[in-house]
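# Summary of structural features
This is what each chain is made of:
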Amino acid sequence: MSQPSNGDDLVKSTKSFEISKHVVMDAYRRVKAKRGAAGIDNQSIEMFEQDLKRNLYRIWNRMSSGSYFPPAVKQVAIAKKNGGTRVLGVPTVSDRVAQMVVKLYVEPRLDGLFHADSYGYRPGRSAKQAIAITRQRCWRYDWVVEFDIKGAFDNLDHDLLMKAIRTHIRDRWALLYIERWLKAPFETADGLPVPREKGTPQGGVISPMLMNLFMHYAFDRWMQKTHPECPFARYADDAVVHCRSQAAAERLLAEIDERLASCRLTMHPDKSKVVYCKDSNRRRDYPWIQFTFLGFTFKPRAAVDKRGQKFTNFLPAVSREATIRMLRTIKGWQLQRQTPVTIEELAERHNPMLRGWLNYYGSFYRSEMAFVCHQVDRKLAYWARRKYKRLRGHLRESYYWLGRLARRRPELFVHWQVLYRPATR
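In short, a report on the structure. (Residues numbered from 1 in each chain as written. Predicted model: local features only at pLDDT ≥ 70, side-chain atom pairs only at ≥ 80, totals over all residues. Heavy atoms only, no water.)

Moving on: the overall build of the protein chain. For the protein chain, the helix and strand inventory stands at 15 helices and 11 strands. If one aligns the C-alpha atoms of the protein chain with their principal axes, the spans along those axes are about 75 × 65 × 40 Å. A burial count over the protein chain gives 49% of its 425 residues as buried. Counting only contacts in the protein chain whose residues sit at least 6 apart along the sequence, the fraction spanning at least 24 positions is 68%. Roughly 21900 Å² of accessible area belongs to the protein chain as shown, and the carbon and sulfur atoms make up 49% of that amount. (Helix = DSSP H or I, 4+ residues; strand = E, 2+ residues; numbered from the N terminus. Buried < 20%, exposed > 50% of the residue type's maximum accessible area, 1.4 Å probe, protein only. Contact = heavy atoms within 4.5 Å. Areas by Shrake-Rupley, 256 points an atom, 1.4 Å probe, with all protein chains shown as cover.)

Laid out in structure tokens, this is it:
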């Protein structure tokens, strides 16, 4: 990335802040890898690339001189899985690159501060790790506190957040731009500006990092100080806590409610509760014996021990809501209408998503993914009946044909390779 007119050394000497051009290029590559929609300027990644050097230079030049002012954030409403809508903020491509520059400088310093059981949007940590440790703790602790925060990203208090940011970030330019991003308005589909006095837009590059910092003080450190005997797993604003007794869990739920309120967040009363981890050894009656965390529902499930004896264990498996979303996606593929293409082309087109589903949701109690896999096969059989004349009107024969193909070429579709393996408990 070179200066369009004068030499780099001359320009650099006049800049207020030292920001590496190499970091700006790295930020762009990371933004490109994540793709994403266009912001209020309707500029896509492909359009941004048409004049890449000049666009990146402009970002570097303005950020280095202190004159970068973020544009408004495109406001997009999406349907929530449980009804209603969630407002996402879509920054422009240029603004996502600028945010990534700050993230690349700041994140390494903040990440070492965070709690070991904070798993969301952190290098080397994942939702699957959060599910794995939660599964283990459900075996050791009888009770779980599940709580939900109303619109956490939309309601982060700016004063409290900036106090935490100033405690750990010393770069004046990073502080300057983070504060500007927090104040950048939304812009509606009608082009109307909507001022923001709180929150950080879901969809912003630095928003997850800011959420982690806020929740580090609002929840993680508070739990360490007040309830070190109760382990938890947190993924951004989603968390579960383990307790030894019902009384302790009910007290803790009330205390978390008070703590969140003191940090100007609101616990959702209908989605926060105490759960009993019922299994073969824990037989009490209690109204709540399941909870959902990161797309997995934890509840009593059939299991088999090393001696082949059946028992009931408290285990995670893909949630009903996640299953419904996958089935809707499969329906949207309209496989039965893709008769001009070959079965190999169908596999190449849809294997990436199937692989992602199986790698995540198939990690625990994999047999619960069988229904989703069978739905894919049902659509493929439908496709075969429409493509091949000899199979038209022959439901059973189309399934026989597909079964023979799956046995002969199990590598063709990802789910064929795992569907009939022994389920992992």
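Once you've had a look at it, read on.
Position of Ser-272 among the secondary structure elements: in the loop between α10 (246–262) and β8 (273–276). Looking at Ser-272, the relative accessible area reads 11%, which means it is buried. Looking at Ser-272, its side chain comes within polar contact range of the main-chain nitrogen of Asp-148, at 3.0 Å. Among the polar contacts made by the side chain of Ser-272, one reaches the main-chain carbonyl oxygen of His-268 at a distance of 2.8 Å. (Polar contact = N/O pair within 3.5 Å; in protein donor to acceptor, adjacent residues only side chain to side chain.)

Right, let's get into the packing of helix α2 (residues 21–34) against helix α4 (residues 52–65). When two helices pack together, you describe them by how their axes are tilted relative to each other and by the distance separating the axes. Orientation of α2 relative to α4, taken along the N-to-C sense of each, is 120 degrees, at an axis distance of 10 Å. Looking at the two axes, α2 sits oblique to α4. When the axes of α2 and α4 are compared, the crossing they make is right-handed. Residues Lys-21, Val-24, Met-25 and Tyr-28 of α2 touch α4, and the partners they reach there are Leu-52, Leu-56 and Trp-60. (Axes fitted to C-alpha atoms, helices over the stretch in contact; angles between N-to-C directions. Parallel < 35°, antiparallel > 145°, perpendicular 65-115°, else oblique. Left-handed = near helix turned anticlockwise from the far one by under 90°.)

Turning our eyes to something else, we now look at the packing of aromatic side chains. Tallying each qualifying case throughout the model produces 22 aromatic pairs. Geometrically, the ring pair formed by Tyr-121 and Tyr-235 is tilted, given 5.4 Å between the ring centres and 55 degrees between the ring planes. One end of the pair, Tyr-121, is in the loop between α5 (93–111) and α6 (127–140); the other, Tyr-235, is in strand β6 (residues 232–235), with 114 residues separating them in the sequence. Where Trp-383 meets Tyr-388, the ring centres are 5.9 Å apart and the plane angle is 85 degrees; that geometry is what we call edge-to-face. Look at Tyr-388 and you get partly exposed, because its relative accessible area is 24%. (Phe/Tyr/Trp six-rings, centres within 6.5 Å; stacked < 30°, edge-to-face > 60°.)

Enumeration according to the criterion identifies 0 disulfides in this entry. With no disulfide of its own, Cys-138 lies 4.0 Å from the sulfur of Cys-277, the closest cysteine sulfur. For Cys-138, a relative accessible area of 0% puts it in the buried group. Here Cys-230 is not cross-linked by a disulfide; its sulfur's nearest cysteine counterpart is in Cys-243, at 3.8 Å. With a relative accessible area of 7%, Cys-230 lands in the buried category. (Disulfide = S-S within 2.5 Å.)

This part covers the sheet that holds strand β2 (residues 85–90). Strand order in the open sheet made by the 4 strands is β2-β1-β4-β5, with mixed pairing throughout. Taken across any chain shown, the strands that pair with only one partner, and hence form the sheet edges, are β2 and β5 (193–194). By the bridge criterion, 2 bridges tie strand β4 (residues 186–187) to β5 in an arrangement that is antiparallel. Note on β5: the bridge partner recorded for Phe-186 is Val-194. (Pairing = 2+ DSSP bridges.)

A word on the sheet that holds strand β9 (residues 291–293). Strand order in the open sheet formed by 3 strands is β9-β10-β11, and the pairing between neighbours is antiparallel. Two strands lie at the open edges of the sheet, namely β9 and β11 (310–318), each paired on one side alone. Averaged over neighbouring strand pairs, the angle between their axes works out to 50 degrees when direction is ignored. For β9 and strand β10 (residues 296–304), the ladder comprises 3 bridges, and the chain directions are antiparallel.

It is worth spelling out the pairing of β8 at this point. What you see with β8 is no split at all: Lys-273 and Val-275 on one side and Val-274 and Tyr-276 on the other are buried throughout. As judged from the 4 bridges shared by strand β3 (residues 143–147) and β8, these two strands associate in the antiparallel manner. By the bridge assignment, Val-145 is partnered in β8 with Val-274.

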